[in-house]
Amino acid sequence: MLIVQKFGGSSVADAERIRRVAGIIAKTYQDGNDIVVVLSAQGDTTDDLIAKAELINKKASKREMDMLLSTGEQISVALCAMALEALGTPAVSLTGWQAGVQTTRQYGNSRIREINTERIYAELDRKRVVIVCGFQGSTTNGDITTLGRGGSDTSAVALAAKLKAGLCQIYTDVEGVYTADPRIVPAAHKLNEITYDEMLELASLGAKVLHNRSVEMARKYGVKLEVLSSFTKQPGTIVKERVKVEETKISGLAKDSNISRIALVGLRDEPGVAFRIFRMLAAKNINVDIILQSIGRENSKDISFTVAKSDYEIAVAALNEEKDEIGFQSLDVSTTLAKVSIVGAGMINSSGVASMMFEALYEAHVNIHMISTSEIKVSVLIDEVNADAAMNAIHKKFFRD
Ligand code: ADP
Ligand code: ASP
Ligand code: MG
């Protein structure tokens, strides 16, 4: 069987861990499988590289940032190939470019357009383990791009889809997908399986255990995904189309601190106001998440909405520039908030799920600033300082620890 195995940054953080990873790969190879390995940069390498760049130029171009950040993964693949060589397992390391990963031109946030698999198949035919740099690819011009933070998961799933792998294993530093981030909620427990839809919501709402685009792609191409630990031999979590119906109303919780709220106060209460605001933000490529509009009073209304923290400065500058055209009296920004969400397909057929969440927050004395719901999730915007306590309180309400 062809298997894609991805190992995250903490799994390859030092020599001993790389040797352990090489052991897992060698065992899979000896079992008679064809293997494509995808690696992330070691430990905090990507953060360290970003810090290095900031010492030189805080506004470095995205192209040069990608040139720099892609080096982290290159170190990992070379070291891992050496570790396999030492074990007597034939292996070859490839950059994203050498592996045929072609991307769009959006530096820092590119998407995989196509994978030219000729080289990979040639190496597999020679019975080598193929070790590919995650997170990176190249444009048709040969410029290096990266896929966005956490993007190695997406590299792995894209390769698994293209190569029609029987399984895509995402090895990380926890034993699978939990009901909540186990570092925040110690009582969280591992899920044996979860649907693509629920995993996609969790990943999009801040559970960084999987890059959300990797889940989207796995769903689209039906890639069987397994999330498991490279440190223990425990079975992980399978992400798939359908799972056995569980009794719990929700499958998990997620927290997102990369959020800020902008409130526009004293807008005219007339048609076209929201259109002007959000058209302008869309033109700047700023994604808006939760939107709340107050009831109009004396021909005036307020609109507040959330954007990623990394976007709020651009958003505020743009809004202020068009203050007269949009017609607001004042603008207020809050950057000390977090979004906490519950996710579960079971919500569709079960009433009272949102109220259980609100009850948990009330009991924990946590005030809610904004609420947003969809078929399979409820999100609340709260003060960031309360977020971890809120996560624990909500978890207790639904899972009774
Ligand atoms: P890697 O470097 O292997 O890609 P990440 O740090 O990107 O690892 O993702 C793993 C981390 O995701 C875990 O250490 C954990 O703190 C966090 N996490 C957040 N939500 C969850 C969840 N629901 N289940 C498991 N881990 C989660
Ligand atoms: N090294 C990259 C990052 O830290 C990609 C990844 O780990 O998936 O974001
Ligand atoms: Mg990751």
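This text follows the structure it describes.
All of these numbers come straight from a predicted model, not from anything done at the bench.

**Here's the deal with the environment of Ser260**
- Following the sequence through the fold, Ser260 ends up in strand β14 (residues 260-268).
- Distance from Ser260 to Leu381, taken between C-alpha atoms, is 9.7 Å for residues 121 residues apart in sequence.
- Excluding residues within four positions of it along the chain, Ser260 makes contact with Phe305, Thr306, Val307, Ala308, Lys309, Tyr312, Ser334 and Thr335.

**Observations regarding the site of ligand 2**
- Around ligand 2 lies a shell formed by Ser40, Ala41, Thr46, Glu73, Phe135, Arg149, Gly150, Gly151 and Ser152.
- The contact in question runs from a nitrogen atom of ligand 2 to an N or O atom on the side chain of Thr46, over 2.8 Å.
- For ligand 2, an oxygen atom lies 2.7 Å from a polar atom in the side chain of Arg149.
- When ligand 2 is considered free in solution it has 270 Å² of accessible area, and contact with the protein chains removes 86% of it.
- Residue composition of the shell around ligand 2, grouped by class: two nonpolar, five polar and two charged.

**Overview of the sheet that holds strand β16 (residues 300-307)**
- Within the open sheet, the four strands sit side by side as β15-β16-β14-β17. Their pairing is antiparallel. At either end of the open sheet lies a strand with only one pairing partner, and these are β15 (288-293) and β17 (330-334). Neighbour to neighbour, the strand axes of the sheet diverge by 20° on average, direction disregarded.
- In this structure, β14 lies alongside β17, joined through five bridges in antiparallel fashion. Considered in β17, the bridge of Ile262 is made with Val333.
- In the packing of helix α8 (residues 273-283) onto the sheet, contacts are made with β14, β15 and β16, and the angle to β16 comes to roughly 25°.

**A few points about the site of ligand 1**
- As a matter of local geometry, ligand 1 sits amid 17 residues, with Thr172, Asp173, Tyr178, Asp181 and Arg183 nearest to it.
- Within the side chain of Asp181, one N or O atom sits 2.8 Å away from an oxygen atom of ligand 1.
- Taking Lys208, its side chain carries an N or O atom lying 3.4 Å from an oxygen atom of ligand 1.
- Taking 570 Å² as the accessible area of ligand 1 by itself, protein coverage stands at 89%.
- Here the shell around ligand 1 is composed, by residue class, of eight nonpolar, four polar and five charged.

**A short note on the layout of surface pockets**
- Estimates place the volume of the second largest pocket at around 450 Å³.
- Lining the second largest pocket are 21 residues; nearest its centre among them are Thr195, Glu198, Val243, Ala345 and Gly346.
- The set of elements that each furnish at least two residues to the lining of the second largest pocket consists of β10 (193-195) and α6 (196-204).
- In terms of residue count, the dominant contributor to the lining of the second largest pocket is β10 (three residues).
- Within the lining of the second largest pocket, the residues separate by chemical class into eight nonpolar, five polar and eight charged.

What counts, and where the lines are drawn
Residues numbered from 1 in each chain as written. Chains lettered and ligands numbered in written order. Predicted model: local features only at pLDDT ≥ 70, side-chain atom pairs only at ≥ 80, totals over all residues. Heavy atoms only, no water. Helix = DSSP H or I, 4+ residues; strand = E, 2+ residues; numbered from the N terminus. Contact = heavy atoms within 4.5 Å. Near = heavy atom within 4 Å. Polar contact = N/O pair within 3.5 Å; in protein donor to acceptor, adjacent residues only side chain to side chain. Areas by Shrake-Rupley, 256 points an atom, 1.4 Å probe, with all protein chains shown as cover. Nonpolar A, V, L, I, M, F, W, Y, C, P; charged D, E, K, R; others polar. Pairing = 2+ DSSP bridges. Axes fitted to C-alpha atoms, helices over the stretch in contact; angles between N-to-C directions. 1 Å grid on protein atoms, 1.4 Å probe; cavity = no way out; pocket = protein on both sides within 12 Å on 5 of 7 lines; lining within 4 Å. Points joined across faces, edges and corners; volume = space filled by probe spheres on them.

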